[in-house]
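Below are the chains, spelled out letter by letter.
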Amino acid sequence: RRMGWLELLAGVLVCAALTALYVGSLYIWPVVDTHPMLSLVREWLYPLLAISPGNTDRRDHPVTIRKRVYSVTLTSVISPLALLLFYDAKLEPGLASILGLRLTNILPAIVLPLLLVVILFAGSIYMKGNVIATSLSRAMQAEGSRWIAIRNYLVAPFSEELLFRSCIFPILLASGLSHWLAVLLCPLFFSVAHVHHVLRGVPITAVLFQSTYTCIFGWYAGLLFLRTGHFIAPLLAHAFCNVMEFPPFWEVPHRPDKVLIIVLYVGGSILFYALLPYLTDPSWYDSVFYSKEFLEQTLIV
């Protein structure tokens, strides 16, 4: 039994609205900073949050980062409520489990998916592992760098995975999509959410490249969330990928150890794809998305 096109359209619209809410929360601060009717908010709230008007055109300024941290945190609190439109909170497996917030088999959910991306990034780890470790150490010493690290490696992975995996993925399932169609469609919202960088002058080619890269990662993250049923699995993979950044393939031909690096990249990719179906086997994790109770709620039969 499948849900109809109307339910699917409703689910997609809710997912689009959640995406717009997330991106919009990043750009709400210029309005709060300047609107005359919000002067009392600025007088009362800004000192409490240790922020001040301005700096919103400087993405990496500590005040801008703190403002955006506050707004995406609020979005992260609000977004899970959208699941109440599609799920009965009184029925099993429960909203917390649907969001991936559970302790059952959490140890393999922490270790195995992260091991997979470490294997995939073996070449990058070899090439720039020491540089990244040094950069992270220095980042914690200066306020500006510290807030950039907090945004990139903690807040962004947490808020994005909570919205685009924990919230949007179950909504797509509840709208009638199969497991695999939801895995394919979910990253599109994640990818579109990165297009806003055009507004701050990033070249369209760079934005399209980032959107494509995030879409590809989103497929992996969605697969992890589906097969593990744990929020922690895609969260750690996301944070790790943010730390490693895009592999510096263009540097390989100029390295004296390029043969070793190519072996690590190719061997890591082959091993990743060989181990992927086994280390993400739902039986390791008791994923709720394969449980009878969940399938009955979402009408996936």
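Going by the structure above, here's the rest.
Since this is a predicted model, take the numbers as computed values, not measurements.

Peer 1: Just checking my understanding: could you explain the overall build of the chain for this structure?
Peer 2: A tally of helices and strands in the chain yields 13 helices and 0 strands. The N-to-C order of helical and strand elements in the chain reads α-α-α-α-α-α-α-α-α-α-α-α-α. By principal-axis analysis of the C-alpha atoms, the chain measures approximately 60 × 55 × 35 Å. Of all 301 residues assigned to the chain, the portion counted as buried reaches 48%.

Peer 1: Help me understand the packing of helix α10 (residues 204-228) against helix α11 (residues 232-244) in this model?
Peer 2: Geometry of a packed helix pair, given as the angle between the helix axes and the separation of the axes. Running from amino to carboxyl end, α10 crosses α11 at an angle of 155°, the nearest separation of the two axes being 8 Å. Relative to α11, the element α10 lies roughly antiparallel. The way α10 lies across α11 gives a crossing that is right-handed. Here α10 contributes F217, Y220, A221, L224, F225 and T228 to the contact with α11, which in turn contributes A233, P234, A237, H238 and C241. Split by residue class, the contact of α10 with α11 holds 9 nonpolar, 2 polar and no charged.

Peer 1: Looking at this structure, how should I read the side chain of S76?
Peer 2: Relative to the elements of secondary structure, S76 occurs in helix α4 (residues 62-78). Assessed through its relative accessible area of 11%, S76 is described here as buried. A polar side-chain atom of S76 sits 2.8 Å from the main-chain carbonyl oxygen of V72. Beyond its immediate sequence surroundings of up to four residues, S76 is in contact with S159 and L162.

Peer 1: Would you mind showing me how to read the packing of aromatic side chains here?
Peer 2: Any two aromatic rings considered together are summarised by their centre-to-centre distance and by the angle between their planes. The full count for this structure, using the stated rule, is 16 aromatic pairs. Seen from their ring centres, F164 and F190 are 5.4 Å apart, and the 55° between their planes marks the pair as tilted. Of this pair, F164 sits in helix α8 (residues 143-174) while F190 sits in helix α9 (residues 179-192), placing them 26 residues apart in sequence. Both residues of the pair, F164 and F190, belong to the buried class. Summarising the aromatic geometry, the rings of Y213 and F246 are spaced 5.1 Å apart at their centres and angled 80° between planes, so their arrangement reads as edge-to-face. Of this pair, Y213 sits in helix α10 while F246 sits in the loop between α11 and α12 (258-279); the two residues are 33 residues apart in sequence, bridging distant segments of the chain. Using a relative accessible area of 27% as the deciding quantity, one classes F246 as partly exposed. By way of ring pairs, the aromatic residues Y87, F169, F225, F289 and F294 are connected into one cluster. If you follow R68 out to its NZ or CZ, it ends over the ring of Y27, 5.1 Å from the centre. Note that R165 overlies the ring of F190, its terminal NZ or CZ placed 4.6 Å from the centroid.

Rules behind the numbers
- Residues numbered from 1 in each chain as written.
- Predicted model: local features only at pLDDT ≥ 70, side-chain atom pairs only at ≥ 80, totals over all residues.
- Heavy atoms only, no water.
- Helix = DSSP H or I, 4+ residues; strand = E, 2+ residues; numbered from the N terminus.
- Buried < 20%, exposed > 50% of the residue type's maximum accessible area, 1.4 Å probe, protein only.
- Axes fitted to C-alpha atoms, helices over the stretch in contact; angles between N-to-C directions.
- Parallel < 35°, antiparallel > 145°, perpendicular 65-115°, else oblique.
- Left-handed = near helix turned anticlockwise from the far one by under 90°.
- Contact = heavy atoms within 4.5 Å.
- Nonpolar A, V, L, I, M, F, W, Y, C, P; charged D, E, K, R; others polar.
- Polar contact = N/O pair within 3.5 Å; in protein donor to acceptor, adjacent residues only side chain to side chain.
- Phe/Tyr/Trp six-rings, centres within 6.5 Å; stacked < 30°, edge-to-face > 60°.
- Lys NZ or Arg CZ within 6 Å of the ring centre and 35° of its normal.

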